[in-house]
Amino acid sequence: MREKLVVGNWKMHGNRDQVNRLVEEIIAGAAETESKVEIGICPTYIHLEQAAKLLIAANIGISLGAQNVCFAEQGAFTGEVAAAMLAELGVTFVIVGHSERREIFGETNELIAAKFKVVQAHNMVPILCIGESLEQREQGATEQVVISQLDAVIGDVGLPSLHDAVIAYEPIWAIGTGKTATPEQAQEVHWTIRDHLARQDAAVAAAVRILYGGSVKSSNARELFNQADIDGGLVGGASLEAEEFLSICKSAD
Ligand code: PEP
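For clarity, every value in this text was computed on a predicted model and none was experimentally measured. (Residues numbered from 1 in each chain as written. Predicted model: local features only at pLDDT ≥ 70, side-chain atom pairs only at ≥ 80, totals over all residues. Heavy atoms only, no water.)

The full count for this structure, using the stated rule, is two aromatic pairs. On the basis of an interplanar angle of 80 degrees and a centroid distance of 5.4 Å, the ring pair of Phe71 and Phe77 is categorised as edge-to-face. Given a relative accessible area of 38%, Phe71 falls into the partly exposed group. For the pair Tyr169 and Tyr212, a centre-to-centre distance of 6.3 Å together with 55 degrees between the ring planes defines the contact as tilted. (Phe/Tyr/Trp six-rings, centres within 6.5 Å; stacked < 30°, edge-to-face > 60°. Buried < 20%, exposed > 50% of the residue type's maximum accessible area, 1.4 Å probe, protein only.)

So, about the site of the ligand. Near the ligand, the surroundings consist of 14 residues, among which Lys11, Glu170, Gly176, Ser215 and Gly236 are the closest. The contact in question runs from an oxygen atom of the ligand to an N or O atom on the side chain of Lys11, over 2.6 Å. In this structure, Gly176 approaches the ligand through a main-chain N or O atom, which is 2.6 Å from an oxygen atom. Notes on the ligand: free accessible area 290 Å², of which the protein chains cover 96%. Here the residues of the shell around the ligand are counted per class, giving four nonpolar, eight polar and two charged. (Near = heavy atom within 4 Å. Polar contact = N/O pair within 3.5 Å; in protein donor to acceptor, adjacent residues only side chain to side chain. Areas by Shrake-Rupley, 256 points an atom, 1.4 Å probe, with all protein chains shown as cover. Nonpolar A, V, L, I, M, F, W, Y, C, P; charged D, E, K, R; others polar.)

Before going further, it helps to spend a moment on unusual backbone geometry. Even without being glycine, Asn123 reaches a positive phi, approximately 60 degrees. With respect to the helices and strands, Asn123 occurs in the loop between α5 (109–121) and β5 (125–130). Residue Asn123 is classed as exposed on the basis of its relative accessible area of 73%. A positive phi is found at Ser215, a non-glycine position, where the angle reads about 55 degrees. (Helix = DSSP H or I, 4+ residues; strand = E, 2+ residues; numbered from the N terminus.)

Moving on to a negative patch on the surface. Among the surface-exposed residues, Glu24, Glu25, Glu241 and Glu243 lie close enough to one another that they form a single negatively charged patch. You can see Glu243 is positioned in helix α11 (residues 242–251). (Patch = residues over 30% accessible without salt bridge, like charges linked within 9 Å, V, L, I, M, F, W, Y side chains within 5 Å. Salt bridge = Lys/Arg side-chain N within 4 Å of Asp/Glu carboxyl O. Lys, Arg positive; Asp, Glu negative; His and termini not counted. Charge placed at Lys NZ, Arg CZ, Asp CG, Glu CD.)

Two elements in contact, helix α7 (residues 142–157) and helix α8 (residues 183–198), have axes whose closest approach is 10 Å; the angle formed by their N-to-C orientations is 40 degrees. The orientation of α7 relative to α8 falls into the category oblique. By crossing handedness, the relation of α7 to α8 is classed as right-handed. Contacts between α7 and α8 involve Thr142, Glu143, Val146, Ile147, Leu150, Asp151 and Ile154 from the former and Val189, Thr192, Ile193, His196 and Leu197 from the latter. Residues belonging to the contact of α7 with α8 are distributed by class as follows: seven nonpolar, three polar and two charged. (Axes fitted to C-alpha atoms, helices over the stretch in contact; angles between N-to-C directions. Parallel < 35°, antiparallel > 145°, perpendicular 65-115°, else oblique. Left-handed = near helix turned anticlockwise from the far one by under 90°. Contact = heavy atoms within 4.5 Å.)

In this section: the sheet that holds β5. Here eight strands make up a closed barrel; going around it, the order is β1-β2-β3-β4-β5-β6-β7-β8 and the pairing parallel. Averaged over all pairs of adjacent strands, the angle between strand axes in this sheet comes to 25 degrees, irrespective of strand direction. As paired strands, β5 and strand β6 (residues 166–169) are joined by four bridges and run parallel to one another. Residue pairing for β6: Ile127 is matched across the bridge by Val166. Along the sheet face, α7 touches β5 and β6 and points at about 150 degrees away from the line of β5. (Pairing = 2+ DSSP bridges.)

By the definition in use, this model includes ten salt bridges. Here Glu100 and Lys11 are joined by a salt bridge, their closest N and O atoms 2.8 Å apart. Here Lys11 lies in the loop between β1 (5–9) and α1 (16–32) and Glu100 lies in helix α4 (residues 99–104), a separation of 89 residues in the sequence. According to the relative accessible area criterion, Lys11 is buried, its value standing at 19%. The shortest N-O distance in the salt bridge between Asp195 and Arg199 comes to 2.9 Å. One network of salt bridges, with partners in common, ties together Arg2, Arg194, Asp229 and Asp231.

Our next topic: helix α10 (residues 218–225). Residues of α10 that are buried include every one of Asn220, Ala221, Leu224 and Phe225, and no others. Along the long axis of α10, the arc covered by the buried residues comes to 125 degrees, so they all point the same way. In α10, the exposed residues that point more than 90 degrees away from the buried face are Ser219 and Glu223. Those residues of α10 that are buried lie in contact with β1, α8, β7 (209–213), β8 (232–235) and α11. (Arc of directions from axis to C-beta.)

Before going further, it helps to examine the packing of α10 against α11. The N-to-C vectors of α10 and α11 enclose an angle of 20 degrees; their axes lie 8 Å apart at closest approach. One finds that α10 runs roughly parallel with respect to α11. Our pair here, α10 against α11, has a crossing hand that is right-handed. Counted together, Ser218, Ala221, Arg222 and Phe225 of α10 and Glu244, Ser247, Ile248, Lys250 and Ser251 of α11 form the full contact between these two elements.

Spelled out as structure tokens, the structure:
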């Protein structure tokens, strides 16, 4: 049985005080509930260390995640952060291939595969984001797009690596737009992804958690998370408010 996972992607938001407050509120709220859901939070690089200190002190199993990583181990890569540096801070999850990185920063499948590899080399868990644009959906190309994004990474890292990874299906048209895929639309793509993996390796397909991301909120989370192949969520905007985020997490129980 796959454990449900809800991860908050805080993107480029917050200052030191706000981050401390948000982490403390999430810890307090999560401590009150006896939830079986695994929770992760991904603050900016600059706020990882302070969040790590609070999470370690609380010791209630909330995981720390990073939003990005450099593909290389170390060296002359101005402005970048290495996987070893994240691992040293106690990071568990690293988001790779978010559509904002693909679209705004021009990240290619090849680069994303290299990031996936370096994250696993440091015993962290990549959260590999895949998803189609509105235009691609309207052209009926959703399946082809997500499978080709997935296969591009599998071709490089090998299918068994997916066993210890998380996939996030994030339709680009639903990210930060308030438009959510219907539970049926999301389930259809999640099933397609899992079926594609199952044809190659049933154990990997059964183990890998596939999160849905795209305007998840407390009002739509339960229905999404109830779908057979949706194992939780990657949550952007709604993860910046503790009560709302905790309510989303509870929906995965
Ligand atoms: C995201 O950034 O991964 C995301 C899903 O954002 P939002 O929940 O705001 O749509």
